[in-house]
Every structure is written in structure tokens, then in C-alpha cells.
Amino acid sequence: HRDLHLSIRRQRQMCIRDSPKLIDLFVVPSIAVGVKGKRLGYGGGFYDRALESVPKEKIWSIIYDFQHVYDFWGEDHDIKVSMVFTNSKLLSIN
């Protein structure tokens with residue numbers, strides 16, 4: 001793309017879906033994460049759609065301890081995370 005005002009060439013913004021293999025790690029926001037790794041997001045489904053083809057090993061989240069919940073199993077479209085950082089521990093989810 002080109003900024004006509006300053007004649008400076010800018011790199012095209014890469015979309016996650018363009019080439020997820022180029023990205024080593026995705027850290028996604030979560031309202032909660034269940035014990036099986038299902039992520040409760042903010043309701044728009046953006047991360048669920050954008051990361052549906054990314055291996056869960058590349059998807060991590062950062063939450064507080066109280067956001068790691070035992071009674072949330074998620075829905076079919078919810079992506080899974082493989083690693084969760086909380087304020088007191090690191091959780092590896094199989």
C-alpha cells in the first residue's frame with residue numbers, strides 16, 4: 001500500500017488467517033478458561049473464527065486464579081488453549 005500524502009510505502013497489515021504458521025504463539029484474552037482448556041471470550045467469536053485452524057499448542061491465555069473455572073465446558077465453536085498463566089501459577093492443559 002502507499003501513503004500518497006508522504007509517498008512512504010507501508011507494509012500491508014497481515015491478517016491472522018493469512019498465514020498462522022508464521023506466528024509462534026497467540027496470547028488471547030479470556031473471561032474464563034475451563035479445566036479442559038475451553039476459553040470463554042467476550043461474545044463476538046473473533047478469536048474462535050480467526051484461530052480455528054491454529055493448533056491449540058500455540059494458543060495461550062493470561063487470567064486470574066478465579067477465572068480458571070471447573071464447571072465451564074464451552075461450546076463446539078470455542079477454541080481451546082494449551083497454556084494458562086494465572087496470578088499464582090502456570091497451568092498446562094492437555
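Basis of the calculations
Residues numbered from 1 in each chain as written. Predicted model: local features only at pLDDT ≥ 70, side-chain atom pairs only at ≥ 80, totals over all residues. Heavy atoms only, no water. Helix = DSSP H or I, 4+ residues; strand = E, 2+ residues; numbered from the N terminus. Buried < 20%, exposed > 50% of the residue type's maximum accessible area, 1.4 Å probe, protein only. Contact = heavy atoms within 4.5 Å. Pairing = 2+ DSSP bridges. pLDDT = per-residue confidence, 0-100. Core = buried A, V, L, I, M, F, W, Y, C linked by side-chain atoms within 4.5 Å.

Q: Mind showing me how you'd approach the overall build of the protein chain here?
A: Looking only at helices and strands, the protein chain features one helix and nine strands. Scanning the protein chain from its N terminus toward the C terminus, one meets helices and strands in the order β-β-β-β-β-α-β-β-β-β. The buried share of the protein chain, reckoned over its 94 residues, is 34%. Partitioning the contacts of the protein chain with sequence separation of at least 6, the portion at a separation of at least 24 is 59%.

Q: Would you explain the sheet that holds strand S4 (residues 32–34) in this entry?
A: Backbone hydrogen bonds hold the strands of a sheet together, and the pairing may be parallel or antiparallel. In spatial order, the strands read S5-S4-S7; together these three strands make up an open sheet with mixed pairing. Each of the sheet's edge strands pairs with one partner strand only, and the pair in question is strand S5 (39–40) and strand S7 (68–69).

Q: Hey, could you run me through the pairing of strand S6 (residues 59–62) in this one?
A: Remark: a regular strand shows side chains that alternate across the two faces of the sheet. The alternating pattern of S6 places Ile59 and Ser61 on a buried face, while none of Trp60 and Ile62, on the opposite face, is buried. The pairing of strand S3 (residues 26–28) with S6 spans three bridges and is parallel. Paired with Val27 across the two strands is Trp60, which belongs to S6.

Q: Can you help me understand the confidence of the model for the protein chain in this one?
A: Close inspection of predicted coordinates is inappropriate in any region flagged by low pLDDT. Scored by pLDDT, the protein chain has a mean of 83; 79% of the residues are at 70 or more. Averaged over each element, pLDDT in the protein chain is lowest for strand S1 (residues 2–3) (50) and highest for strand S8 (residues 83–85) (96).

Q: Where do I start with the nonpolar core in this structure?
A: A general trend in soluble globular proteins is that nonpolar side chains are found buried together. Grouped together as the largest cluster of nonpolar side chains are 12 residues: Phe26, Val28, Val33, Leu51, Val54, Ile59, Ile63, Ile79, Val81, Val84, Leu91 and Ile93. When sequence neighbours within four positions are dropped, the list of residues in contact with Ile63 reads Ser30, Val33, His68, Val84, Phe85, Thr86 and Asn87.

Q: So what exactly am I meant to see when it comes to the environment of Lys80 here?
A: Topologically, Lys80 is positioned in the loop between S7 and S8. As for Lys80 and Leu40, which are separated by 40 residues in sequence, their C-alpha atoms are 9.5 Å apart. With residues near it in sequence (within four places) discarded, Lys80 still touches Lys36, Gly37, Lys38, Lys56 and Ile59.

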